[in-house]
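Chain residues, written in single-letter form:
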Amino acid sequence: MKKRLSPWAVLAAALLLLVILGPFAHVVFLSFVGEGPSFSLQGYYSVFLGSSAYLSSFWRTLFLCAVMVAGQVALSIFAGLGFAKFFFPGKNLWFFLLLVVMVLPLQVTLVPNFRILGGLGLLNTQGSLVLPAVFAPLGTFLMTQCFRSIPDEIIEAAQLDGATLVGVLWRVLVPMSKNGVASVGLLSFLEAWNMVEQPIAYLKDPVQYPLSVSLAYVGAQDAPAQLACVLLTLLPPVLLFLRFHQELVQGIALAEVKG
């Protein structure tokens, strides 16, 4: 027999939705308001047709995030395989240090990364954003937990059938860990799409800023255009979350069980 929800629980859920969705509804409403105030599409015209600056920043940021996601997913798969299925000296210590770095606040790593990127000559380039993002530890942790959940007998059976290590990885382990891969991809994209401190610290030229930072300078004198840019910025993460939210939940749940 199903239990009836308490009126207080329903009220609390309604208030929570109001607090969360209220600002977005406000932004959507104001993006269609022009001078007067009256209904207007001038803001959307400015973003999509009036100037190429808005869309060029959007596509540049989207490409930059795609590079970060591809690099982090690939590195996380190989590193996760090493931690999950191979033995090497100091393995447990290195994995513990990985967890320590994972829980460190971003502000703690900004200065060391700044010095390293300066030594590599990557400051004020897009590489200063890509390199630290590719080596983010969260993806390695998730893939390690996913690969640990796969019995070694499956890998041994594939090797007996003549599969190489690379074949086992891409034909057995990765397909069986697709939820973990999707989780790494989605979380790394959200992290890259929403980065703010890193561009401000590593880039000097505002032209190179990703959309998360340049949005503050877009159309400051044109509120409808700025709000239209806000909705445009919101579109990719929402679409990705709607597509991969089940994989995200299952991948994180698997990591928690095996952790």
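One can find the structure itself at the top, above this paragraph.
This text gives an overview of the structure that appears in the document.

## Concerning the pattern of salt bridges
At step 1: In the structure shown here, the tally under the stated rule is 1 salt bridge.
At step 2: Residues D152 and K85 are paired through a salt bridge, measuring 2.8 Å at the closest nitrogen-oxygen approach. Residue D152 is located in helix 8 (residues 152–160), and its partner K85 is located in helix 3 (residues 52–85); the two are separated by 67 residues in the primary sequence.
At step 3: For D152, a relative accessible area of 41% corresponds to the partly exposed category.

## Things to note about the side chain of S57
At step 1: Here S57 shows up in helix 3.
At step 2: A distance of 3.2 Å separates polar atoms of two side chains, one belonging to S57 and the other to S214.
At step 3: Once residues within four sequence positions are removed from consideration, S57 is found in contact with Y209, P210, L211 and S214.

## Let's talk about unusual backbone geometry
At step 1: In this model, N124 sits at a positive phi of 65°, which is unusual for a non-glycine residue.
At step 2: With respect to the secondary-structure elements, N124 resides in the loop between helix 5 (106–119) and helix 6 (127–134).

## Comments concerning the environment of G80
At step 1: Looking at the element boundaries, G80 is found in helix 3.
At step 2: Along the backbone, G80 and G139 are 59 residues apart, and their C-alpha atoms lie at a distance of 8.2 Å.
At step 3: Those residues in contact with G80 that sit more than four places away from it in its chain are T140, M143, T144 and F147.

## A word on the packing of helix 3 against helix 9 (residues 165–176)
At step 1: Axis separation between helix 3 and helix 9 bottoms out at 12 Å; the angle between their running directions is 100°. By the angle between their directions, the pair helix 3 and helix 9 is classed as roughly perpendicular. Of the residues in helix 9, those touching helix 3 at I77, F78 and L81 are L165, L169, W170, L173 and V174.
At step 2: Of the residues contributing to the contact of helix 3 with helix 9, the split by class is 8 nonpolar, no polar and no charged.

## Quick notes on helix 6
At step 1: The set of residues buried in helix 6 consists of S128, L129, V130, A133 and V134.
At step 2: Packed against the buried residues of helix 6 are helix 3, helix 5 and helix 11 (197–202).

## Brief notes about the side chain of Q145
At step 1: If you trace the backbone, Q145 turns up in helix 7 (residues 137–148).
At step 2: With relative accessibility at 1%, the residue Q145 sits in the buried group.
At step 3: For Q145, the side chain forms a polar contact with the side chain of R148, separated by 3.2 Å.

## Details of the layout of surface pockets
At step 1: Roughly 800 Å³ of volume is contained in the largest pocket.
At step 2: Taken together, 30 residues form the lining of the largest pocket, with L106, P132, F135, A136 and P137 sitting closest to its centre.
At step 3: Elements with a contribution of two residues or more to the lining of the largest pocket: helix 3, helix 4 (91–103), helix 5, helix 6, helix 7, helix 10 (178–193) and helix 11.
At step 4: Partitioned by chemical class, the residues of the lining of the largest pocket number 23 nonpolar, 6 polar and 1 charged.

## Let's talk about the packing of aromatic side chains
At step 1: This model, assessed by the stated rule, comprises 7 aromatic pairs.
At step 2: Three or more aromatic residues joined by ring pairs form one cluster here, namely F58, W59, F189 and W193.
At step 3: Seen from the ring of F95, R148 lies directly overhead, with NZ or CZ sitting 4.8 Å from the centre.
At step 4: Its guanidinium or amino end placed over the ring of F244, R243 lies 4.5 Å from that ring's centre, counting from NZ or CZ.

## With respect to a nonpolar patch on the surface
At step 1: Taken together, L16, L17, V19, I20, L21, F24, L234, L235, V238, L239, F241 and L242 make up a surface patch of nonpolar side chains, about 1100 Å² in accessible area.
At step 2: Counting residues per element, the ones that place at least two in the nonpolar patch are helix 1 (7–31) and helix 13 (223–258).
At step 3: Relative to the helices and strands, F24 resides in helix 1.

Calculation rules
Residues numbered from 1 in each chain as written. Predicted model: local features only at pLDDT ≥ 70, side-chain atom pairs only at ≥ 80, totals over all residues. Heavy atoms only, no water. Salt bridge = Lys/Arg side-chain N within 4 Å of Asp/Glu carboxyl O. Helix = DSSP H or I, 4+ residues; strand = E, 2+ residues; numbered from the N terminus. Buried < 20%, exposed > 50% of the residue type's maximum accessible area, 1.4 Å probe, protein only. Polar contact = N/O pair within 3.5 Å; in protein donor to acceptor, adjacent residues only side chain to side chain. Contact = heavy atoms within 4.5 Å. Axes fitted to C-alpha atoms, helices over the stretch in contact; angles between N-to-C directions. Parallel < 35°, antiparallel > 145°, perpendicular 65-115°, else oblique. Nonpolar A, V, L, I, M, F, W, Y, C, P; charged D, E, K, R; others polar. 1 Å grid on protein atoms, 1.4 Å probe; cavity = no way out; pocket = protein on both sides within 12 Å on 5 of 7 lines; lining within 4 Å. Points joined across faces, edges and corners; volume = space filled by probe spheres on them. Phe/Tyr/Trp six-rings, centres within 6.5 Å; stacked < 30°, edge-to-face > 60°. Lys NZ or Arg CZ within 6 Å of the ring centre and 35° of its normal. Patch = residues over 30% accessible without salt bridge, like charges linked within 9 Å, V, L, I, M, F, W, Y side chains within 5 Å. Areas by Shrake-Rupley, 256 points an atom, 1.4 Å probe, with all protein chains shown as cover.

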